[in-house]
Each structure stands twice: as C-alpha cells, then as structure tokens.
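A look at the structure
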Amino acid sequence: MSGCYHLYVLDVGNADKPKYLGHTKDGNTNLFQWREGTRYLSGEFKYGPQFGKSYQFYVYAILSGAPYAGPFQNAGPVEFKLDESVVIPSTNVIVTDDLESSVDLSNSYDEDPASNRALVIQWDLDVDDVKSYHIYVLDVGNMNAPQYLGRTKDGETTYFEWREGTRFLDNKFRQGPQFGKSYQFTVFAIPKKGAKVGPFPNAGPVEFKEESSGSTQRAQFGSGLDGSANANANRYSNAGCDSDTDSDTDTGSLIDRITNS
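Assigned secondary structure in the protein consists of zero helices and 14 strands. Each helix and strand of the protein, ordered N terminal to C terminal, gives the series β-β-β-β-β-β-β-β-β-β-β-β-β-β. Buried positions account for 46% of the 261 residues belonging to the protein. About 13500 Å² of surface is accessible on the protein, with carbon and sulfur atoms providing 45% of the total.

Written as structure tokens, this is what we have:
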C-alpha cells in the first residue's frame, strides 16, 4: 500500500478523545512500537507509555490520492503497569531536603516552608553509557502506580531537584511537592543504546510537611549515598507519510472525525 498509517491513542479516564500518537514509515509497515526514541512519534508522547494509565488505540490508513480509511481500533483498553517482580541489586537512591544534604529521608519526613518547597532525589548507580535518567513518583495512597516526574539533562547528572520551575519537569508536577502528601521515587537509567535499566527505587515513602514556626529540620534519620543506604529493589505530526521529524501537529485533523464507540 502506498501512503502510511496514522495512530491515535486515548488515555482512558483522562482524555475526552484520542490524540495523535505517530505514524509508520510507509504503507508496508503494519506495526508501531511506542517507546522513547521511536521514529515518527508525536512529541507529546515521546517518553513512551506511562505506568498506571490505560490506553485504547486507533489506526487510520492514509492512502495516496484517495480518502483515508478508518478508524480501526483494538478490542479494548490496555492497562500499563510497572513490573514489580524485576529485581535490581545494589540500588542506591536517596531523597534529601536539598542539594547540599546527604541525609536520606526515606521512611521519614521532610519539612519545608511554603516559600521553598522542594525534594531532591539523588543516586549512585552502576550503569554505563547513560544518556539521561528518568524519575518516576508515586503519590502514596493516591496513585496505583508511579508516574513520570521528569528527567535529567544528561547522563552525568546524578540528582533531580523537584521544585517549581525545575527544567525537564513533567507539566503535571510543575508546582512541586505538595504538603500533606507522601512520595516514593523510582529512577530509570536511559542508555545511549538499548532498553532502559531499572527500576531503582528509594527505600521508602517520604512524608512532605509544612515547616511550622520555630521547628528544626531533623537530621538523625536515614543515611547518605556515602553511608549504608541501599534501597530495596524488591519494592520497588505529522500530516504526511514522508516527514522524518517528530511533531505534535496532525494537520489532517483526522482526530476530529473519530467517534468513540
């Protein structure tokens, strides 16, 4: 078949209608692998499927010199979960109050003033040739699975500061950690070649509290990366078919013609 296939995805329960996911190289390609780095993938979905989400997919055949055909959809939603059976030894991920601290707050709490809300995830992982690190966060008691929090600039950076205004922070968490929540974090190493490595979790939840007047941040809990902290790994577009660039734009506007059954 001349032309190509366009794919759309519905984030079930979180979106009213499907969004453009990407397209195939040509009409002879009858599969599309959705993962980070996939060619012809929409920029909105460039980090791949997210844990805790359920997805439904739609396919359109884009025919050269003829109307499109579709939509063709899969039989039902697919729930995407973290494989908690994966065991990664020698994990070393801690959560600290700030960049200067090495005190691990896992299974403890952090107190910050309202004007300076932040948590810092730090790690020391034995992974070679890393392009960047991706960090996921679990809002304990409010999420079924960790969600993508953000990423580092490169593979040399071994920390991620979660606060309002942080670069490479997912828009959902752009306002920083929220008082009254408990968070657990998971780090993945993204190699320059091959599949991501992980998960590498911190040792336990961190309760995030507002600092009361006159309170003093405790320092007796946990241990730093240079101490004995070792996390338990058991806990964890494009409008055409000839473009070679990622895009969030589908100028064909096929999505407006999709009707959900």
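There is more to say after this.
The next point concerns the pairing of strand β3 (residues 54–63). Regular strands show a simple pattern: their side chains alternate between the two faces of the sheet. Examined bridge by bridge, strand β1 (residues 3–11) and β3 share nine bridges and lie antiparallel to one another. Bridged to L10 within β3 is Q56. Of the pairings in the sheet, the one linking β3 to strand β5 (residues 78–79) comprises two bridges and is antiparallel in character. By the bridge assignment for β5, S54 is matched with E79. The sheet contact formed by β3 and strand β4 (residues 69–73) spans three bridges and is antiparallel. Looking at β4, one finds that V59 is bridged to F72. Counted along the chain from β3 to the antiparallel partner β4, the turn is five residues long, and its residue G65 has a positive phi close to 70 degrees.

Our focus in this paragraph is the environment of G37. By the element assignment, G37 lies in the loop between β2 (19–23) and β3. Separated by 11 residues in sequence, G37 and G48 place their C-alpha atoms 8.5 Å apart.

So, about the packing of aromatic side chains. Counted under the stated rule, the structure contains 19 aromatic pairs. Between the aromatic rings of W34 and F45, the centroid separation amounts to 5.8 Å while the plane-to-plane angle is 90 degrees, which identifies the pairing as edge-to-face. Here the residue W34 occupies a position in the loop between β2 and β3, and F45 occupies one in the loop between β2 and β3, the gap between them amounting to 11 residues. Overall, the relative accessible area of 14% leaves F45 in the buried class. Plain terms: the ring middles of W162 and Y183 are 4.9 Å apart, the flat faces sit at 75 degrees to each other, and that makes the pair edge-to-face. One end of the pair, W162, is in strand β11 (residues 159–162); the other, Y183, is in strand β12 (residues 182–191), with 21 residues separating them in the sequence. Side by side, W162 and Y183 carry an identical accessibility label, which is buried.

Before going further, it helps to spend a moment on the pattern of salt bridges. What the rule picks out here adds up to five salt bridges. Linking K192 and D129 is a salt bridge whose minimum nitrogen-to-oxygen distance equals 3.6 Å. Of this pair, K192 sits in the loop between β12 and β13 (197–201) while D129 sits in the loop between β8 (119–123) and β9 (130–139), and the two are 63 residues apart along the sequence.

Looking at the protein, pLDDT values average 81 and 78% of them are 70 or higher. Least confident of the elements in the protein is β13, whose mean pLDDT is 91; most confident is β11, at 97. Note on residues 226–239: pLDDT under 50 across the span, and 52 contacts to partners over four residues away in sequence or across chains. Segment residues 245–261: pLDDT under 50, and 47 contacts once partners within four positions in sequence are set aside and those in other chains are kept.

Tracing the backbone shows T166 in the loop between β11 and β12. A polar contact is formed between the side chain of T166 and the backbone oxygen of R163, at a distance of 3.0 Å.

Further remarks concern the nonpolar core. If you look at the biggest cluster of nonpolar residues, it comprises 26 residues, and the most contacted ones within it are I121, W123, L149, W162, F185 and V187. Among the secondary structure elements, those contributing two or more residues to this core are β6 (93–96), β8, β9, β11, β12 and β14 (206–210). Filtering out sequence-adjacent residues up to four positions away, W162 remains in contact with R117, A118, L119, V137, L149, L169, F173, G176, P177, Y183 and F185. L7, L21, L41 and Y55 belong to the second-largest nonpolar core, a separate cluster that totals eight residues.

What follows covers unusual backbone geometry. Put simply, G70 and P71 share a cis peptide bond, and its omega is 10 degrees. Assignment of secondary structure puts P71 in strand β4. In the segment running from G198 into P199, the intervening peptide bond is cis, with an omega of 10 degrees. If you trace the backbone, P199 turns up in strand β13.

The rules we used
- Residues numbered from 1 in each chain as written.
- Predicted model: local features only at pLDDT ≥ 70, side-chain atom pairs only at ≥ 80, totals over all residues.
- Heavy atoms only, no water.
- Helix = DSSP H or I, 4+ residues; strand = E, 2+ residues; numbered from the N terminus.
- Buried < 20%, exposed > 50% of the residue type's maximum accessible area, 1.4 Å probe, protein only.
- Areas by Shrake-Rupley, 256 points an atom, 1.4 Å probe, with all protein chains shown as cover.
- Pairing = 2+ DSSP bridges.
- Phe/Tyr/Trp six-rings, centres within 6.5 Å; stacked < 30°, edge-to-face > 60°.
- Salt bridge = Lys/Arg side-chain N within 4 Å of Asp/Glu carboxyl O.
- pLDDT = per-residue confidence, 0-100.
- Contact = heavy atoms within 4.5 Å.
- Polar contact = N/O pair within 3.5 Å; in protein donor to acceptor, adjacent residues only side chain to side chain.
- Core = buried A, V, L, I, M, F, W, Y, C linked by side-chain atoms within 4.5 Å.

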